[in-house]
Amino acid sequence: MRHRLVQRRRFVPLLAATAAGLVLLAGCSSTPATGVGPDRTAAGIDLSEGWDWTPQATPLELGVTHTQSTLDDHDPAESNARGQAILAKSATWQNVHLMGFGTLNPEPAPGEYDWSSLDKRMKLVEDTGARTMLTACCAPDWMKGGQAGRTDWSELEKAPDPASFQAYADLVGQAVQRYPQIERVQVWNELKGFFHPEWNRWDYEGYTDLYNRVYAAVKSVRPDVLVGGPYPVMISLTPDDTNASDELSGPWGNMDQRVLDALDYWFRNNQGADFLVVDGGTAVREGTISGRLDDAARKFADIDRWLAQRTDLPIWWAEFYPDVPQGQTAAADSQASAAATLSAVGAFGRSGAAGALLWGPQGHELEYAALWTDATVASGGLPTPLTASWEWLVPRLAAGGMELGTSQTAPLIAFRAPDGGAVVVNTSDQEVPVDGQEPMAPYAIGIAPASS
């Protein structure tokens, strides 16, 4: 999870359409009813010529991860209802954490369980019709040197002690027994607590021991549940960094070799896995991106292709953080962040990722897109600049058969469905001229429905 904070900005209003057939979106969750031809998005943007198209590599299932504030029952009723209506159309999968990020300590003392908060999150997932994923993180205090019966939330990201690995695995087993709706388990989160500064590397041996115990515990009680890991952050470094890898690099930077070492160990030593879990952002650590958003998102595609050369496991992005260039607003209601998110989704579609989860679907203080505004206030639960296009993409990418396009002459990308509908994104901070019409605004997103 990212921790950078930004000042909130006001909700971005709906932009005017540039022409019939293509509606440019900034905070709108409905699409027009008029039809256009399968090779055009109207507004003079021709998708039949001057574009490079790549078939979708494999079905891509999009979802969300619930965090601290996500449609809680103490929110204003109307805001909550609006948010739930968006959520019901926005996720093939919904992911919740075993402990933390909105859920309480499920086992405050050995053998004493409190499932109340997790019960509520699981009900939310069921009520909004999604499939359920559990992130097996984090651990009760007594498993990591703390006092039984107390929860010190400042120690949330501490890993359990090795002596408690089995107790933690047993707790995860209890969870998947309690909630038959759980279909997938991600083991731990970003290798939290497993980095050893004195070694200058991750304790991948310790993590893999924990992973194997959780895998065995889950399969012993629910063989049908799919289990994956190791969930590292795919950190980008500058080429001159002493930890920069020569093995995986691109215009976006060089991968941190310590992360690749952790993956390599897990590949060789896990005792079973159903999918591979990673996360990461587009910016070089402590840096920023420059240029077109789809160029920055190439990092996700490069990583997917590198991983696919080393494993047959389906690749899932548990978190992904597409940054915006310096000087651009980056927040849940940011048009630039919405365009950056779609650029990342396009990279996943091209390179064969099987799943991607949006961290924090409710408006938050992180510098990344969300799907509805803060539902803790009476005016909340409203769509954001990302909502309509994300809702449009979720079922179509899951079905497969989409085409991913890049304009040869303009900073535009597009998603084209077999029925002729399309989403077009301006990935730059420049207006795009459109013959006979108003230009496409910076970072604008347009949806054209299927031909009738």
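## Here's the deal with the pattern of salt bridges
Per the counting criterion, the structure on display carries 18 salt bridges. Here D72 makes a salt bridge to R121, at a shortest N to O gap of 3.8 Å. Taken together, the residues span a long stretch of sequence, with D72 in the loop between β3 (61-65) and α1 (77-87) and R121 in helix α2 (residues 116-127) at a distance of 49 residues. Take R121: its relative accessible area is 3%, and that puts it in the buried class. R292 is the salt-bridge partner of D294, the closest N and O atoms lying 2.8 Å from each other. Using a relative accessible area of 15% as the deciding quantity, one classes D294 as buried. Taking the relative accessible area as the measure of exposure, R292 reaches 22% and is therefore partly exposed.

## Considerations on the pairing of strand β16 (residues 403-407)
When strand β2 (residues 51-55) meets β16, the two strands line up antiparallel, connected through five bridges. Bridge assignment links W53 to a residue of β16, and that residue is G405.

## Considerations on the state of the cysteines
Considering all chains together, one arrives at one disulfide under this definition. Disulfide partner of C137: C138, at an S-S distance of 2.5 Å. Handedness of the C137-C138 disulfide follows from its S-S torsion of about 65°: it is right-handed. The class of C138 is buried, set by a relative accessible area of 0%.

## Comments concerning helix α7 (residues 298-308)
The buried fraction of α7 amounts to eight of the eleven residues, a majority that puts the element mostly inside the structure. Restricting attention to buried positions, one finds in α7 the residues K299, F300, A301, D302, I303, D304, W306 and L307.

## Some words on the side chain of T132
Secondary-structure assignment places T132 in strand β5 (residues 131-136). In this structure the side chain of T132 is engaged in a polar contact, spanning 3.0 Å, whose partner is the side chain of Q181. If we ignore the near neighbours within four places in the chain, the residues touching T132 are W93, Q94, M122, V125, Q181, I182, E183 and R184.

## Considering empty space enclosed by the protein
Scanning all chains against the criterion turns up two cavities of 30 Å³ or more. Considering the residues around the largest cavity, the lining is formed by F320, Y321, P322, T341, L358, W359, Y368 and A369. For the lining of the largest cavity, the secondary structure elements donating two or more residues are β14 (315-321) and β15 (355-359). Split into classes, the residues belonging to the lining of the largest cavity amount to seven nonpolar, one polar and no charged. By volume, the second largest cavity is sized at about 40 Å³. Surrounding the second largest cavity, L191, Y204, Y207, P230, P232, A262 and L263 form its lining. Mapped by element, the contributors of at least two residues to the lining of the second largest cavity are α4 (204-221), β9 (226-233) and α5 (257-269). Residue composition of the lining of the second largest cavity, by class: seven nonpolar, no polar and no charged.

## Some remarks on the confidence of the model for the chain
Scored by pLDDT, the chain comes out at a mean of 89, with 90% of its residues at no less than 70. This stretch, residues 26-43, has a pLDDT under 50; its non-local contacts, to residues over four places away or in other chains, come to 63 contacts.

## Focus on the nonpolar core
Judged by nonpolar contacts, the single largest core of 128 residues is most densely connected at Y168, W188 and W317. Counting residues per element, this core draws most heavily on helix α8 (residues 335-351), which supplies nine residues. Not counting the four nearest positions on each side in its chain, Y168 is found in contact with L98, A136, C137, C138, A139, P140, M143, W188, L210 and V214. Core analysis: the next-biggest nonpolar cluster, separate from the first, contains twelve residues, W51, V424, V432 and M440 among them.

## A few points about the environment of F300
Checked against the element boundaries, F300 lands in helix α7. Assessed through its relative accessible area of 0%, F300 is described here as buried. Taking the C-alpha atoms as reference, F300 lies 9.9 Å from S343; in sequence the two are 43 residues apart. Sequence-distant contacts of F300, defined by excluding residues within four places in its chain, comprise G280, G281, T282, W317, F320, Y321, A344, A347, F348 and S351.

## Observations concerning α1
Those residues of α1 not exposed but buried are S79, N80, G83, I86 and L87. All buried residues of α1 fall inside an arc of 125° around its axis, so they share one side. Away from its buried face, by an angle of more than 90 degrees, α1 presents the exposed residues A77 and E78.

## Quick word on the packing of aromatic side chains
Counted under the stated rule, the structure contains 22 aromatic pairs. Between Y113 and W115, the aromatic rings sit 5.7 Å apart at their centres with planes inclined by 10°, giving stacked as the arrangement. Since its relative accessible area comes to 36%, Y113 is described here as partly exposed. On the basis of an interplanar angle of 35° and a centroid distance of 6.3 Å, the ring pair of Y207 and Y211 is categorised as tilted. Residue Y207 and its partner Y211 are located together in helix α4, separated by four residues, close to a single helical turn. Across the pair, exposure class does not vary: Y207 and Y211 are buried alike. Above the face of the Y204 ring, R201 is positioned so that its terminal group lies 4.3 Å from the ring centre.

Calculation rules
- Residues numbered from 1 in each chain as written.
- Predicted model: local features only at pLDDT ≥ 70, side-chain atom pairs only at ≥ 80, totals over all residues.
- Heavy atoms only, no water.
- Salt bridge = Lys/Arg side-chain N within 4 Å of Asp/Glu carboxyl O.
- Helix = DSSP H or I, 4+ residues; strand = E, 2+ residues; numbered from the N terminus.
- Buried < 20%, exposed > 50% of the residue type's maximum accessible area, 1.4 Å probe, protein only.
- Pairing = 2+ DSSP bridges.
- Disulfide = S-S within 2.5 Å.
- Polar contact = N/O pair within 3.5 Å; in protein donor to acceptor, adjacent residues only side chain to side chain.
- Contact = heavy atoms within 4.5 Å.
- 1 Å grid on protein atoms, 1.4 Å probe; cavity = no way out; pocket = protein on both sides within 12 Å on 5 of 7 lines; lining within 4 Å.
- Points joined across faces, edges and corners; volume = space filled by probe spheres on them.
- Nonpolar A, V, L, I, M, F, W, Y, C, P; charged D, E, K, R; others polar.
- pLDDT = per-residue confidence, 0-100.
- Core = buried A, V, L, I, M, F, W, Y, C linked by side-chain atoms within 4.5 Å.
- Arc of directions from axis to C-beta.
- Phe/Tyr/Trp six-rings, centres within 6.5 Å; stacked < 30°, edge-to-face > 60°.
- Lys NZ or Arg CZ within 6 Å of the ring centre and 35° of its normal.

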